[in-house]
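A structural walkthrough
Take a look at the letters that make up each chain.
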Amino acid sequence: LHLLEVAERVRRIASEKGFDKADWDENFVQKLAFVVTELDEAVQGAKGIGKDPVELELADVAIRLLACLYGVSGTSWSPGRIEGRRSPERIGVWQPIEVAVWPILRKVSEAIECWRKNDPEIGRKDAMICCELALLETFRLADRMGIDLLSIIELKTIANAARPHLHGKGRSVG
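Reference entry: report on the structure contained in this document. This one's a predicted model, so the numbers in the text were calculated from it and none came from an experiment.

**Observations regarding the overall build of the protein**
Counting secondary structure elements, the protein contains seven helices and zero strands. Starting at the N terminus, the α and β elements of the protein follow one another as α-α-α-α-α-α-α. Residues counted as buried form 44% of the 174 residues belonging to the protein. Long-range pairs, those at least 24 residues apart, make up 81% of the contacts in the protein between residues at least 6 apart in sequence. Carbon and sulfur atoms make up 53% of the accessible area of the protein, which amounts to about 8900 Å² in all.

Dropping the structure here:
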């Protein structure tokens, strides 16, 4: 399974379900806030107190980041920065999940800061790079936890394809 294939599947399903209609220029920061929510749910899942396990929540983080990348830049983002950069070491008990998600959260925060720059074109490019790096950190964290994130994302996209049009209270949440 290839990241670009999964990313294309995420984009296609979002389009089929009506989630690609959002005005990304106006709603980009809100979309990134959903990534932060998914990170919080991943922390809860890792602690065993969340609705879903950490694997599913990290997949949601990656799916939302992919949606942001496609929503703003179409197909111009560069998955080559993500692929082939895996971290073989596992997270030890010395690193709580709250600490482990910080690199992802930091990149999402930087993406928001970049988006708000005075020069929209530069801000947009910088925000996309931050989103790509957040996606990379999500894959690194999953690898360090022994999670096959691409496979989980693939399973989630299959489940999402079966969901109704504009699920989630009829609003476009990406």
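Continuing now.
**Remarks on the state of the cysteines**
Two cysteines joined by a covalent bond between their sulfur atoms form a disulfide. Tallied over the full model, the rule gives zero disulfides. Here Cys 130 is not cross-linked by a disulfide; its sulfur's nearest cysteine counterpart is in Cys 114, at 4.0 Å. Judged by its relative accessible area of 7%, Cys 130 is buried.

**Here we look at the environment of Arg 163**
Secondary-structure assignment places Arg 163 in the segment after helix 7 (149-161). Since its relative accessible area comes to 39%, Arg 163 is described here as partly exposed. A sequence separation of 150 residues divides Arg 163 from Ile 13, and the C-alpha atoms of the two residues are 9.7 Å apart.

**A few points about the environment of Arg 9**
Counting through the fold element by element, Arg 9 comes out in helix 1 (residues 3-16). Classification of Arg 9 as partly exposed rests on a relative accessible area of 21%. Sequence-wise, Arg 9 and Thr 157 are 148 residues apart; in three dimensions their C-alpha atoms are separated by 7.1 Å.

**Overview of the packing of helix 6 (residues 120-144) against helix 7**
One can describe the packing of helix 6 onto helix 7 by two numbers: an axis separation of 9 Å at closest approach and a directional angle of 110 degrees. By the angle between their axes, helix 6 is roughly perpendicular relative to helix 7. Residue-level inspection shows Thr 138, Phe 139 and Ala 142 of helix 6 in contact with helix 7, the latter providing Leu 149, Leu 150 and Ile 153. Of the residues belonging to the contact of helix 6 with helix 7, the class tally is five nonpolar, one polar and no charged.

**Concerning the nonpolar core**
Nonpolar side chains in soluble globular proteins tend to be buried together. By size, the foremost hydrophobic cluster in this structure holds 44 residues, and its most contacted members are Phe 28, Leu 32, Leu 58, Leu 65, Cys 131, Leu 149 and Ile 153. Contributing elements (two or more residues each) for this core: helix 1, helix 2 (24-47), helix 3 (54-73), helix 4 (97-100), helix 5 (102-115), helix 6 and helix 7. Setting aside anything within four residues of it in sequence, one finds Ile 153 in contact with Val 6, Val 10, Ala 59, Ala 62, Ile 63 and Phe 139.

**Concerning helix 7**
What sets the pattern is the α-helix's 3.6 residues per turn: residues three or four places apart point alike. Look at helix 7: 18 Å from first C-alpha to last across 13 residues, which is about the 18 Å you get at 1.5 Å a residue. Of the positions making up helix 7, those classed as buried are Leu 149, Leu 150, Ile 152, Ile 153, Lys 156, Thr 157 and Asn 160. Here the buried residues of helix 7 occupy an arc of 155 degrees about the axis, which is enough to place them on one side. The outward face of helix 7, more than 90 degrees from its buried face, is lined by the exposed residues Leu 155 and Ile 158.

**Description of helix 5**
Under the 1.5 Å per step criterion, the end-to-end length of helix 5 is 20 Å for 14 residues, consistent within 8% with the ideal 20 Å. Three or more residues of helix 5 are buried, namely Ile 104, Val 108, Ala 111, Ile 112, Cys 114 and Trp 115. Each buried residue of helix 5 sits inside an arc of 165 degrees when the element is viewed along its axis, so together they form one side.

**Structural notes on the packing of helix 5 against helix 6**
Where helix 5 meets helix 6, the closest approach of the two axes is 8 Å, and the angle between their N-to-C directions is 170 degrees. In terms of their interaxial angle, helix 5 and helix 6 are classed as roughly antiparallel. Here Pro 103, Ile 104, Lys 107, Val 108, Glu 110, Ala 111, Cys 114 and Trp 115 of helix 5 come into contact with helix 6, specifically with Gly 123, Arg 124, Asp 126, Ala 127, Cys 130, Cys 131, Leu 133, Ala 134, Glu 137, Thr 138 and Leu 141. Grouping the constituent residues of the contact of helix 5 with helix 6 by class yields twelve nonpolar, two polar and five charged.

About the cut-offs
- Residues numbered from 1 in each chain as written.
- Predicted model: local features only at pLDDT ≥ 70, side-chain atom pairs only at ≥ 80, totals over all residues.
- Heavy atoms only, no water.
- Helix = DSSP H or I, 4+ residues; strand = E, 2+ residues; numbered from the N terminus.
- Buried < 20%, exposed > 50% of the residue type's maximum accessible area, 1.4 Å probe, protein only.
- Contact = heavy atoms within 4.5 Å.
- Areas by Shrake-Rupley, 256 points an atom, 1.4 Å probe, with all protein chains shown as cover.
- Disulfide = S-S within 2.5 Å.
- Axes fitted to C-alpha atoms, helices over the stretch in contact; angles between N-to-C directions.
- Parallel < 35°, antiparallel > 145°, perpendicular 65-115°, else oblique.
- Nonpolar A, V, L, I, M, F, W, Y, C, P; charged D, E, K, R; others polar.
- Core = buried A, V, L, I, M, F, W, Y, C linked by side-chain atoms within 4.5 Å.
- Expected span 1.5 Å × (residues − 1).
- Arc of directions from axis to C-beta.

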